[in-house]
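An overview of the molecular structure
As a plain string of letters, each chain reads:
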Amino acid sequence: MQIVSLLLTGLTDHAVATHLETSLRTVQRRVRSLMDLAQVQTRMQLGFQAARLGWLDAG
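Described in the following lines is the structure provided in the data block.

So, how was this worked out
Residues numbered from 1 in each chain as written. Predicted model: local features only at pLDDT ≥ 70, side-chain atom pairs only at ≥ 80, totals over all residues. Heavy atoms only, no water. Helix = DSSP H or I, 4+ residues; strand = E, 2+ residues; numbered from the N terminus. Rg over C-alpha atoms; globule rule 2.2 N^0.38 Å. Buried < 20%, exposed > 50% of the residue type's maximum accessible area, 1.4 Å probe, protein only. Contact = heavy atoms within 4.5 Å. Lys, Arg positive; Asp, Glu negative; His and termini not counted. Charge placed at Lys NZ, Arg CZ, Asp CG, Glu CD.

What follows concerns the overall build of the protein. A count of helices and strands for the protein gives four helices and zero strands. Written out in order from the N terminus, the α and β elements of the protein read α-α-α-α. Taking 2.2 N^0.38 as the reference for a compact globule, 59 residues should give roughly 10 Å; the C-alpha atoms of the protein span a radius of gyration of 11 Å, in line with that estimate. Over its C-alpha atoms, taken along the principal directions, the protein stretches across nearly 30 × 20 × 15 Å. The proportion of buried residues among the 59 residues of the protein is 32%. Long-range contacts, defined as pairs at least 24 residues apart, comprise 31% of the intrachain contacts of the protein with a sequence gap of at least 6. With 6 positive and 4 negative side-chain charges, the protein shows a separation of 7 Å between the mean positions of the two kinds.

Structurally, Gln 49 can be placed in helix α4 (residues 43-52). Among the residues examined, Gln 49 registers a relative accessible area of 14% and is labelled buried. When sequence neighbours within four positions are dropped, the list of residues in contact with Gln 49 reads Ala 38 and Val 40.

This is the structure we're talking about:
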């Protein structure tokens with residue numbers, strides 16, 4: 001959920017990748033995977049679902 005938390009602070013995918021010391025493509029794949037898991041179509045919906053499901057409080 002680090003990725004979602006960082007995106008919610010307004011960071012770009014590139015900034016998230018730099019912060020997590022990983023590649024841009026890895027961040028993009030993980031965001032897509034989280035969107036599929038949450039069954040949402042947009043990143044805005046992902047943030048809402050992550051909060052609603054308690055994912056952001058998990059860690």
